[in-house]
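# An overview of the molecular structure
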Amino acid sequence: MRVGQDVPVAGGEPQFVGVSLRVTPRIMAEGKILLRVEPQVSTLATTPVVVRAGSTAFPFNVQTVQTSVLVPSGQTVVLVGPGTGTAGKPTALLMMLTPNVVRMEGQ
């Protein structure tokens, strides 16, 4: 999942700025689900840096966290991830995930 936008970068590929969340589930024994969770928050810095004489650019701030959690099917887990922090006010990314194992008839 991605919420944000691609920002053009001179001489390169556009860089994503915003919040992204990657979740990789793995079904384990007894109906439990192992979730690998990787939230990432990226922003543009407010102060440019000199990249070469007469040229400046705004660097990207990227915060990434990776964790794994074992959750019974249908249970909700709440995780707190990296924040965006704007205007001196720190914020945090709150994630509520409820994985479910869906079984086909006869399984």
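Residues numbered from 1 in each chain as written. Predicted model: local features only at pLDDT ≥ 70, side-chain atom pairs only at ≥ 80, totals over all residues. Heavy atoms only, no water.

## A look at the pattern of salt bridges
Applying the stated criterion to the full structure yields two salt bridges. The salt bridge involving arginine 2 is made with aspartate 6; its shortest N-O contact spans 3.2 Å. Between glutamate 38 and arginine 36 there is a salt bridge, with its nearest N and O atoms 3.4 Å apart. Judged by its relative accessible area of 18%, glutamate 38 is buried. (Salt bridge = Lys/Arg side-chain N within 4 Å of Asp/Glu carboxyl O. Buried < 20%, exposed > 50% of the residue type's maximum accessible area, 1.4 Å probe, protein only.)

## Focus: the layout of surface pockets
By volume, the largest pocket amounts to about 180 Å³. Surrounding the largest pocket, Val7, Pro8, Val9, Ala10, Leu44, Val51, Arg52, Ser55, Ala57, Phe58 and Phe60 form its lining. Where the lining of the largest pocket is concerned, the elements lending two or more residues are strand S4 (49–52) and strand S5 (55–57). Classifying every residue of the lining of the largest pocket by side-chain character gives nine nonpolar, one polar and one charged. (1 Å grid on protein atoms, 1.4 Å probe; cavity = no way out; pocket = protein on both sides within 12 Å on 5 of 7 lines; lining within 4 Å. Points joined across faces, edges and corners; volume = space filled by probe spheres on them. Helix = DSSP H or I, 4+ residues; strand = E, 2+ residues; numbered from the N terminus. Nonpolar A, V, L, I, M, F, W, Y, C, P; charged D, E, K, R; others polar.)

## Overview of the nonpolar core
Counting 14 residues, the largest nonpolar core has Leu35, Val37, Val77, Leu79, Met95 and Leu97 as its most contacted members. Mapped onto this core, the elements with two or more residues apiece are strand S2 (15–27), strand S3 (32–44), strand S7 (67–72), strand S8 (77–81) and strand S9 (93–97). A total of four residues in this core trace back to one element, the largest contributor, which is S3. Every residue in contact with leucine 97, bar those within four places of it in the chain, is listed here: Val23, Leu35, Val37, Gln75, Thr76, Val77 and Leu79. (Core = buried A, V, L, I, M, F, W, Y, C linked by side-chain atoms within 4.5 Å. Contact = heavy atoms within 4.5 Å.)

## Describing the packing of aromatic side chains
Tallied over the full model, the rule gives zero aromatic pairs. Its guanidinium or amino end placed over the ring of phenylalanine 16, arginine 2 lies 3.9 Å from that ring's centre, counting from NZ or CZ. (Phe/Tyr/Trp six-rings, centres within 6.5 Å; stacked < 30°, edge-to-face > 60°. Lys NZ or Arg CZ within 6 Å of the ring centre and 35° of its normal.)

## What about the side chain of glutamate 38?
Turning to its location among the elements, glutamate 38 is positioned in strand S3. A distance of 3.4 Å separates polar atoms of two side chains, one belonging to glutamate 38 and the other to arginine 36. In this structure, glutamate 38 is in contact with Ser20, Leu21, Arg22, Val65 and Gln66, ignoring residues within four places of it in sequence. (Polar contact = N/O pair within 3.5 Å; in protein donor to acceptor, adjacent residues only side chain to side chain.)

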